Amino acid sequence: MLENLEKIKAQFKEELNGVNMKDEIERIRVAFLGKKGLVTEALKDLRNLDVEAKKVAGQQVNLLKDEIEKAIVEFQKTLEEREYQKEIANTERYDFSIPSDVTVGTLHPITIVQSQIEDIFKTMGFIIEDGLEIQTEFNNFEGVNIPKNHPARDMTDTYYLENGQLLKTHTSAAQNTIMRKYGAPKPGEPLKVLFPGRCFRNENIDASHENTFFQLEGMMIGDDISISNLIYFMKVLLSEVFERDVKVRLRPGFFPFVEPGFELDINCAICGGSGCPTCKHSGWLELLPCGMIHPNVLRLGGIDPDKYTGFAFGLGLTRLAMMKYNIKDIRLFNSGNLKQLRQFTI
Amino acid sequence: MFISMNWISEFTDLSGINLKELIGRFTLSTAEVEDIHEYGKNIKDVVVGKIIEINDHPNSKKLHLVKVDIGTEVVGCVCGAPNVFVGAVVPFAKLGGQVGDLEIKEAKIAGEISHGMCCSEKELGISDEHSGLMILEDIYPLGTDIKTFMQLEDTIFEVDNKSLTNRPDLWGHYGIAREIAVLTKRSLKPLDVVNTSIYKDLAQIDIKVEDAERCFRYSALTVKNIQKKKSPINMRIRLSYCGMRPINLLADLTNYLMMELGQPMHAFDHKKVSAIRVKTYPEVVDFKTLDSVDRKVDTDTLLICDEKEPVAIAGIMGGELSEITDETDSVLLESANFDGVCVRKSATRLGLRTDASARYEKIIDPELTVPAIERFLKLLMEIDPGVEVTSSLTDCYVKHYDTIGIEFNKAYVDKYTGIDITSDQIEETLTALGFGVTRNQDEFNLVVPSWRATKDVTMKADIIEEITRIYGYDNFEIRSTKSFLTPVRHSVVRSNEYRMKELLSERYAMNEVHSYIWYESKMNKELGIITEPNIRIMNSITAENDTIRATIIPSLLGFVAKNVDSNPEMGMYEIGRVANGLKEDGLVDERKRLGIVLASKKLSDKEIYFKCKEIVEQLLLSIKNVRPTFAIKEALAKYNYVHPVNSASIQLAGEEIGYFSVINPKIKNKLDKKLNVAFAEIDLELLETAAKEPLRYSEISKYPGVTIDLSLLTDKALRYENIVSYVKEYECEYLQNFHLVDIFEDEKLLPGKKSVTVRFEFISKERTLEGQEIQTMVDELLALLAAKDIVIRK
């Protein structure tokens, strides 16, 4: 019996050595451990032995069985590793430098700049409002303290429509509507609104003039809003917009809808304020008009100027986009020229 | 406007003041200084010289060799001036001196050595006069440096006119000096004038103001025996430095006064004009202004006339006939105040804006007319002591401004400024600016000075500006507001717009564009696009584009045409405004629309149709969680670019919100026959009002479902939505879901028919369905469809 087991063992080793393919292992497993395999047969032969011999031989057969099973598993692993190595060695190396076929759409540069600014204002609690492009004379002029006979009304650069309406010349045209929509603010809860919009001027177009352009205007009205607050807000907001700690300075400026009115300058980004050709050696760049909302404008908006004050500011969105992307020709914006616009990937 | 610091220093002491700092302060507190010009520093060693001998130049007909006596010596130089004569006293630049950029050195001119240079006014930088040498009065010792009697050195600063629009008082040096006196905390000197009350017994001038609406005040005086023709050199230098060309004494004096006080004046030749009528003409009148231009003056323009005819356009320009000439020795001096709006509008209509009209436009102080005459007289008498006043000061003061009083207190200032400015400081500032200040502790009572009371300062808020600008915005302590945290109500419209834009650009790789709010008629014509009449712009300078668009699509098709040559594969969209006609109240019904256009040579007409539809559905599903329905709509055919067959209106809950279509073949043929185009337009306000479907969640069945694909044979023309509605008639709780798998068409195999494969899913939440029950359900469904002429394909 034991001799027989030795023989089986020797035969197994010999056969295993001759194996190269994975499926051949299965054949060997069947030949030795299968129902009619040599080891199984040997187990069956045990019944012919007496109890003592059965015990001894049984142990031996089981040992052999374990040994063969282990060897098969081991050998299988070895073969798998060998085949894996072979596969890797024969793998084609793909060329990652081949360009992928990706197409990205684009947003209009105005949308990009506008949404960035809106996001900044939202974080400071501003409501974003929208106004009509076709406005009444009242909203565009009287409502913002530009009465008939005011020089601004003489200007032939307003597009007037047949029905007496006009294409709004500035975003301020939305002020009256917004004030009436929200009404007088509650104590300590100032009205903070940002209203970007498209404006129109009846003039000839060239590289630096457009008849259709975007502005952005903001206002804050409350029972406790001061010039000091205005300077603070402008400094904080503009630092966010320009992503640097800007210095601001106010100069007197005249705009009918504010009193006092200011021209706001920021320190020149190119020279930092020491003076360079960009800032005409003054260290400052004129950026935007702002001021305390004129009492007449508040009154016309249904807000009592004796109780409430507010500030307003305007920003040329188109001009800002030109500054930001170094766009030299303003005609790009309304050109629909995809060769140019396709650069504004999102 | 140019401001001379020499001139300013006549009215306020500038000694010891750093001009650069002062100008910086002026920019921050008053108006922006755009530029600073230094004059005269580049004139060195120019002395008084007398020409004592002139000889011909051997090599030139134009040049001469002259000998110049400069006191200490006689020097020879080459001179090309045509007006050179023996005895002429001229400015002579010595060797080593400097004239502008030119350093004076010994030089050979046409072969002859020159030891200096005789100068023209232009070379000295005091005027454009370069036709000959500047001739000096023979009153200075030879060799005297000309700077000892000529105010050549001056600092001129240039203020942006726009920033002075609202400050009529700053349109003259005296007003600027008042401002500077406040900024430097020094005093303003009173104007040196002749008191004209001494002439009160002389005859009045015959003045009648017939138009009291347009003329507020007309003051005049007549003077005779004027001998001097030329203004003194220093007056000419000042005028010239301030951008005004010197002409003759009387014209220069009126200009000088205008630059000094901001009051325009006019000098009529008294021999030609002796009476004044201020009126408009009932009909258009021909009038030649002193620039020798014949003008048509309309009936709304105010004229100054004598008893017969117009002699000046009020506030704008005088007439040629009554102009000051070399023969003039007596004048009628006008110092008037006209309605600013009238002057502005007349100047615009005439196309003639002058220094005078620019000042009247700003609405100047009517109190200035008399001081201007008195100051004029003072200067004239200094220059030409022999003159004689021949009338009393005749003053027709027709329309007075009301005196403006303003009450306020410190608390108001505190609230408005957010900082603490003391009452003493407030009082000091306002008093210095010329306000009449009555103060009781922190309560103020102001009287606005006449020069600020024409329009500029009318209410409390205006006082804030006066106080704060002098205080200095750069001295403000800056503070955030004291406000509570409150949630912000954000406009849904805007956030949906951004979502749509991102979806279209990111998922569909489209490009956002902006187009104009009007139809581009030229492009529409090229493409054969016909648009319906809509509200028009009355005064567009591009007259062909005068119709406001009622739809965005023509703009986008124009962009397709522009871009097709560079790359025919494109997808563009715009969110923009259109005018949907007028509303009942007569106002424009402005709508915000989303326009989409797709173009391709790779996709077929049918493919691009479905691509466009897919985008629309995707958008609405993302924004509203709802699939739109589509319907045929005849009305769309009114747009000739819409396809009569392959177009459909887009509906949400039965409400139409827009449409989509492939391009009409007529337009397609003009655009590019090979280019397939589809477009869609959605009204964003209608979309906004449509309800958003809430999210719904239901448990998934634990039991397996059975899916069965059925190929249904139908008429070719039958729309899939009909099959959907038939299937929905089969009310079976286990038919959970069905959807389209494929549509097969083949004219040979299935003439007039198509095979529509639909996948049905049967499932129960309680148990596994038996094969037999499913077969029964399928049979029932097929029976129902058979009744609609839909059979299963064998």
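Residues numbered from 1 in each chain as written. Chains lettered and ligands numbered in written order. Predicted model: local features only at pLDDT ≥ 70, side-chain atom pairs only at ≥ 80, totals over all residues. Heavy atoms only, no water.

**Quick notes on the pairing of strand β34 (residues 706–715) of chain B**
The side chains of a regular strand alternate, first on one face of the sheet and then on the other. Residues and elements named next belong to chain B. Note the following rule: Strands are labelled as partners when DSSP assigns at least two bridges between them. For helices the rule is a DSSP run of H or I covering at least 4 residues; for strands it is a run of E covering at least 2, with both sets numbered from the N terminus onward.
By the bridge criterion, 10 bridges tie β34 to strand β36 (residues 753–762) in an arrangement that is antiparallel. Note that in β36 the partner of Leu-710 across the bridge is Val-758. One ladder, built from 2 bridges, connects β34 with strand β37 (residues 791–792); its direction is antiparallel. Each bridged residue has a counterpart across the sheet, and for Leu-712 the counterpart in β37 is Ile-792.

**What about the pattern of salt bridges?**
This is how it is decided: The working definition used for a salt bridge is a side-chain nitrogen of Lys or Arg within 4 Å of a carboxyl oxygen of Asp or Glu. Accessible area is worked out with a 1.4 Å probe on protein chains only. A residue is then buried under 20% of its type maximum, exposed over 50%, and partly exposed in between.
Applying the stated criterion across every chain yields a total of 82 salt bridges over all chains. A salt bridge links Asp-474 of chain B to Arg-25 of chain B, with the shortest nitrogen-to-oxygen separation between them at 3.4 Å. Taken together, the residues Asp-474 of chain B in the loop between α11 (460–471) and α12 (492–507) and Arg-25 of chain B in helix α2 (residues 19–29) connect sequence positions 449 residues apart. Taking relative accessible area as the criterion, Arg-25 of chain B reaches 23% and is therefore assigned partly exposed. Between Arg-167 of chain B and Glu-179 of chain B there is a salt bridge, with its nearest N and O atoms 2.9 Å apart. Residue Arg-167 of chain B is located in the loop between β11 (154–159) and α3 (173–184), and its partner Glu-179 of chain B is located in helix α3; the two are separated by 12 residues in the primary sequence. What emerges from the salt-bridge pattern is a single network uniting Asp-130, Glu-133 and Arg-198 of chain A together with Glu-497, Arg-577, Glu-590 and Lys-592 of chain B.

**Quick word on the confidence of the model for chain B**
Residues and elements named next belong to chain B. To keep it simple, the criterion reads: Values of pLDDT, which run from 0 to 100, indicate the predictor's confidence residue by residue.
Here chain B shows a mean pLDDT of 93. Residues at 70 or above account for 99%. Mean pLDDT in chain B bottoms out at α12, which sits at 88, and peaks at strand β27 (residues 511–512), which reaches 98. Taken together, the chains of this predicted complex give a pTM of 0.83 and an interface ipTM of 0.84.

**Thoughts on the domain arrangement of chain A**
Formally: An automatic or database domain assignment supplies the start and end points of every domain.
In terms of domains, chain A is made up of domain 1 (2–90) and domain 2 (109–341). For domain 1 of chain A versus domain 2 of chain A, the separation of C-alpha centres amounts to 89 Å.

**Structural notes on the sheet that holds strand β35 (residues 735–744) of chain B**
Residue and element names in this part refer to chain B. Going by this rule: Whether two residues are in contact is decided by their heavy atoms: any pair within 4.5 Å suffices. What counts as an axis is a line fitted to C-alpha atoms, over the stretch in contact for a helix, and the angles between N-to-C directions run from 0 to 180 degrees.
The sheet built from 4 strands is open, its strands ordered β35-β36-β34-β37 with antiparallel pairing. Because the sheet does not close on itself, it has two edges, and the strands there are β35 and β37. Note: β35 against β36, 8 bridges, orientation antiparallel. In the strand pairing of β36, Asn-737 is matched with Glu-761. Sheet strands touched by helix α18 (residues 720–729): β34, β35 and β36. Its angle to β35, the strand with the most contacts, is close to 155 degrees. Set on the sheet, helix α19 (residues 771–786) makes contact with β34, β36 and β37; between it and β34 the angle comes to about 15 degrees.

**Some thoughts on the interface of chain A and chain B**
Test applied: By convention, the term buried area covers the 1.4 Å-probe accessible surface removed from two parts as they join, with the contributions of both added. N or O atoms closer than or at 3.5 Å make up a polar contact, with two conditions inside protein: a donor-capable atom paired with an acceptor-capable one, and, for residues adjacent in sequence, both atoms drawn from side chains. The nonpolar class holds Ala, Val, Leu, Ile, Met, Phe, Trp, Tyr, Cys and Pro. Asp, Glu, Lys and Arg form the charged class, and all remaining residues, Gly among them, are polar.
Contact with chain A, which involves 93 residues of that partner, is made by 81 residues of chain B. Summing both sides of the interface, chain A and chain B together bury roughly 7,200 Å²; the carbon and sulfur share of this comes to 55%. Where chain A touches chain B, the interface holds 5 salt bridges. One salt bridge connects Arg-577 of chain B with Asp-130 of chain A, and the closest N-O pair in it is separated by 3.4 Å. In this structure, the connection of chain A to chain B is made through 42 residue pairs in polar contact (both at pLDDT 80 or more). When residues of the side of chain A that touches chain B are assigned to their parent elements, the largest contribution, 7 residues, is made by helix α9 (residues 227–242) of chain A. Here the residues of the side of chain A that touches chain B sort into 39 nonpolar, 32 polar and 22 charged.

**As for helix α3 (residues 38–45) of chain A**
All names here are of chain A. To keep things clear, this is the line we draw: Along the arc lie the directions from the helix axis toward the C-beta atoms.
Listed in full, the buried residues belonging to α3 are Val-39, Thr-40 and Ala-42. Along the long axis of α3, the arc covered by the buried residues comes to 160 degrees, so they all point the same way. In this structure, the buried side of α3 is in contact with α1 (2–17), α2 (22–33) and α4 (51–89).

**Regarding the packing of aromatic side chains**
For the record, the criterion: Two aromatic rings, drawn from Phe, Tyr or Trp (for Trp, its six-membered ring), form a pair once their centres lie within 6.5 Å of each other, and the interplanar angle then sorts them: stacked below 30 degrees, edge-to-face above 60, tilted otherwise. Cation placement over rings: the criterion is NZ of Lys or CZ of Arg within 6 Å of the ring centroid and within 35° of the ring normal.
Inspection of every chain in the model, using the stated rule, returns 32 aromatic pairs over all chains. When the ring of Phe-262 of chain A is compared with that of Tyr-473 of chain B, the centres are 4.6 Å apart and the planes differ by 80 degrees; the resulting orientation is edge-to-face. A residue pair is termed interchain when its members come from two chains, as with Phe-262 of chain A in strand β7 (residues 258–267) and Tyr-473 of chain B in the loop between α11 and α12. Since its relative accessible area comes to 0%, Phe-262 of chain A is described here as buried. Exposure remark for Tyr-473 of chain B: the relative accessible area of 4% places this residue in the buried category. Here Tyr-412 of chain B and Tyr-416 of chain B contribute two aromatic rings whose centre-to-centre distance is 5.5 Å and whose plane-to-plane angle is 55 degrees, an arrangement assigned as tilted. One end of the pair, Tyr-412 of chain B, and the other, Tyr-416 of chain B, are both in helix α9 (residues 410–417), 4 residues apart, so they sit about a helical turn from each other. Through pairs of rings, three or more aromatic residues link up here, namely Phe-121, Phe-126, Tyr-232, Phe-233, Phe-311 and Phe-313 of chain A. Sitting over the ring of Tyr-412 of chain B, Lys-460 of chain B keeps its end group 4.4 Å from the ring centre.

**A word on the pairing of strand β24 (residues 405–409) of chain B**
Residue and element names in this part refer to chain B. Burial of β24 is one-sided: the residues Ile-406 and Phe-408 facing one way are buried, the residues Gly-405, Glu-407 and Asn-409 facing the other way are not. One ladder, built from 5 bridges, connects β24 with strand β26 (residues 443–447); its direction is antiparallel. Paired with Phe-408 across the strands is Phe-444, a residue of β26.

**Overview of the layout of surface pockets**
Residue and element names in this part refer to chain B. The line we're drawing: Space inside and on the surface of the protein is sampled on a 1 Å grid over the protein atoms alone, with a cavity defined as a set of points where a 1.4 Å probe fits but cannot get out and a pocket as an open set with protein on both sides within 12 Å along at least 5 of 7 lines; lining residues have an atom within 4 Å of a point. Grid points are joined across faces, edges and corners, and a volume is the space filled by probe spheres set on the points.
One number sums up the size of the second largest pocket: a volume of about 1,400 Å³. What lines the second largest pocket is a set of 40 residues, among which Tyr-609, Phe-610, Lys-613, Arg-719 and Tyr-720 lie closest to the centre. Elements supplying a minimum of two residues to the lining of the second largest pocket: α15 (605–624), β30 (629–631), β31 (642–652), α18, β35 and β36. If you tally residues by element for the lining of the second largest pocket, the top one is β31, at 7 residues. In terms of residue class, the lining of the second largest pocket is built from 22 nonpolar, 5 polar and 13 charged.

**Section: the confidence of the model for chain A**
Per-residue pLDDT for chain A averages 90, and the proportion of residues at 70 or more is 99%. Element-level pLDDT for chain A is lowest in helix α7 (residues 151–154) of chain A, with a mean of 75, against a maximum mean of 97 in strand β2 (residues 134–135) of chain A.

**What about the packing of α2 of chain B against α3 of chain B?**
Packed helix pairs are specified by the crossing angle of their axes together with the interaxial distance, meaning the distance between the axes. Residues and elements named next belong to chain B. We apply this condition: In this scheme, roughly parallel covers angles under 35 degrees and roughly antiparallel covers those over 145, while 65 to 115 is roughly perpendicular and the rest are oblique.
It is at 11 Å that the axes of α2 and α3 come closest, and there the two elements cross at 105 degrees. Judged on the interaxial angle alone, α3 and α2 are roughly perpendicular. Across the interface between the two elements, Leu-22, Arg-25, Phe-26 and Ser-29 of α2 pack against Ile-176, Glu-179, Ile-180, Leu-183 and Thr-184 of α3. Split by residue class, the contact of α2 with α3 holds 5 nonpolar, 2 polar and 2 charged.

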